[in-house]
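Fold and contact review
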Amino acid sequence: MSTINVLGLILLILMVLVGGKAGLQSFLALLLNFGLLFLAIVLVAFHFPPLPVTLVVGVLVLALTIFMSSGDDMSSTVAFLASAAVLVILVLLIVPVEHWALVQGFGPEDSEDLEGLSVLVGINFVQVTTATAILSTLGAIAEAAMAIAAGLSEILEQHPKVSTRALLGDGIAVGKQIIGTTFNTLFFGFFGGFLALFIWFTGVHYSFGEILNDKIFVSEILMILFAMVSVILTVPITTWVMTRAVAGQRKRAAKQMSGK
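Residues numbered from 1 in each chain as written. Predicted model: local features only at pLDDT ≥ 70, side-chain atom pairs only at ≥ 80, totals over all residues. Heavy atoms only, no water.

**Some points on the packing of aromatic side chains**
- This structure, assessed with the given rule, holds one aromatic pair.
- With 5.5 Å between their ring centres and 50 degrees between their planes, F67 and F80 make a pair best called tilted. With F67 in helix 3 (residues 50–67) and F80 in helix 4 (residues 73–101), this residue pair connects regions lying 13 residues apart in the sequence.
- The partly exposed category is assigned to F67, whose relative accessible area is 38%.
- Note on F80: relative accessible area 18%, which makes it buried. (Phe/Tyr/Trp six-rings, centres within 6.5 Å; stacked < 30°, edge-to-face > 60°. Helix = DSSP H or I, 4+ residues; strand = E, 2+ residues; numbered from the N terminus. Buried < 20%, exposed > 50% of the residue type's maximum accessible area, 1.4 Å probe, protein only.)

Here it is in structure tokens:
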């Protein structure tokens, strides 16, 4: 049994022990999401348009991640609607920024790995970079949306008559705490993943200006910034969608009571 299989089995056992049925569903969602991402790669490799493929796969990934990790229909629906709205806003941001940044393709650090290989694969690398940036934000969006929606659902369960204005304030308060921890997670994930690259920069004596203008470094920094923006946007949008859903439920309940 390979190391990856052992670690995957340990992950499955721990998720089931800690999360029970929800943990098992989250593990299955992880496998299905991996399959969807692999499908996206195959479709792009067969010259399907990268951006439409990414949008369809992104919505499916959000749906699987959110609906298979929660048993609360209301919080799941709110989180999904908010995540989809944030995804649309991010696409409108990412597409022009990636065209202006010109970080598509490979950098000089990749020259040794690409030696003897052709990069004329007939695919628009700007669109590939854009698709990569969009997909890299999905986890942060789903996590933040689900955390806020679940937190507000718990508040509603404990205080069913809480006003929508108070609920809006509670959502923003919860979101402020999520933003801080999520930013640290994104930053240290980026730093840990590119520690070897930083050591390489130091070894070849790159100046600070050369590092800031390096294509690989800028591309990864943009992904981190996109993810951070997505988390910031998710907080108010999820909170607003939840308050609208609660207001709608209360209006329908009031109509039913008056009809009786």
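Okay, back to it.
**Quick notes on the packing of helix 3 against helix 4**
- Running from N to C, helix 3 and helix 4 cross one another at 155 degrees; their axes reach a closest spacing of 10 Å. Of the possible angle classes, the one that applies to helix 3 and helix 4 is roughly antiparallel. In this structure, helix 3 meets helix 4 at a crossing whose hand is right-handed. The residues of helix 4 that touch helix 3, namely those facing L51, L55, G58, V59, L62, A63, I66 and F67, are S76, T77, A79, F80, S83, A84, L87, V91 and V95.
- Looking at the contact of helix 3 with helix 4, its residues break down into 13 nonpolar, four polar and no charged. (Axes fitted to C-alpha atoms, helices over the stretch in contact; angles between N-to-C directions. Parallel < 35°, antiparallel > 145°, perpendicular 65-115°, else oblique. Left-handed = near helix turned anticlockwise from the far one by under 90°. Contact = heavy atoms within 4.5 Å. Nonpolar A, V, L, I, M, F, W, Y, C, P; charged D, E, K, R; others polar.)

**Re helix 2 (residues 21–45)**
- Compared with the 36 Å implied by 1.5 Å per residue over 25 residues, the 36 Å span of helix 2 between its first and last C-alpha is a close match.
- Against helix 1 (3–19), helix 3 and helix 6 (125–158) lie the buried residues of helix 2.
- Of the residues flanking the end of helix 2, it is H47, one or two places downstream, whose phi is positive at about 70 degrees. (Expected span 1.5 Å × (residues − 1).)

**Brief notes about unusual backbone geometry**
- Its identity is not glycine, yet H47 carries a phi of approximately 70 degrees, on the positive side.
- Relative to the assigned elements, H47 resides in the loop between helix 2 and helix 3.

**Quick word on the side chain of T239**
- Turning to its location among the elements, T239 is positioned in helix 10 (residues 215–259).
- Residue T239 is classed as buried on the basis of its relative accessible area, which comes to 0%.
- Not counting residues up to four positions away in its chain, the partners in contact with T239 are I148, L152, L167, L168, G171 and I172.

**Digging into the environment of F190**
- Here F190 is to be found in helix 7 (residues 164–193).
- Along the backbone, F190 and A147 are 43 residues apart, and their C-alpha atoms lie at a distance of 22 Å.

**Let's talk about the nonpolar core**
- The biggest cluster of nonpolar side chains holds 61 residues, and the ones touching the most others in it are L62, L167 and M242.
- Contributing elements (two or more residues each) for this core: helix 2, helix 3, helix 4, helix 6, helix 7, helix 8 (195–203) and helix 10.
- Aside from chain neighbours lying at most four places away, what touches L167 is L152, I155, L156, V162, T239, M242, T243 and V246. (Core = buried A, V, L, I, M, F, W, Y, C linked by side-chain atoms within 4.5 Å.)

**A few points about the confidence of the model for the protein**
- Considering every residue of the protein, the mean pLDDT works out to 82; 91% of them sit at 70 or more.
- Highest mean pLDDT in the protein belongs to helix 3 (89); lowest belongs to helix 5 (residues 111–114) (59). (pLDDT = per-residue confidence, 0-100.)

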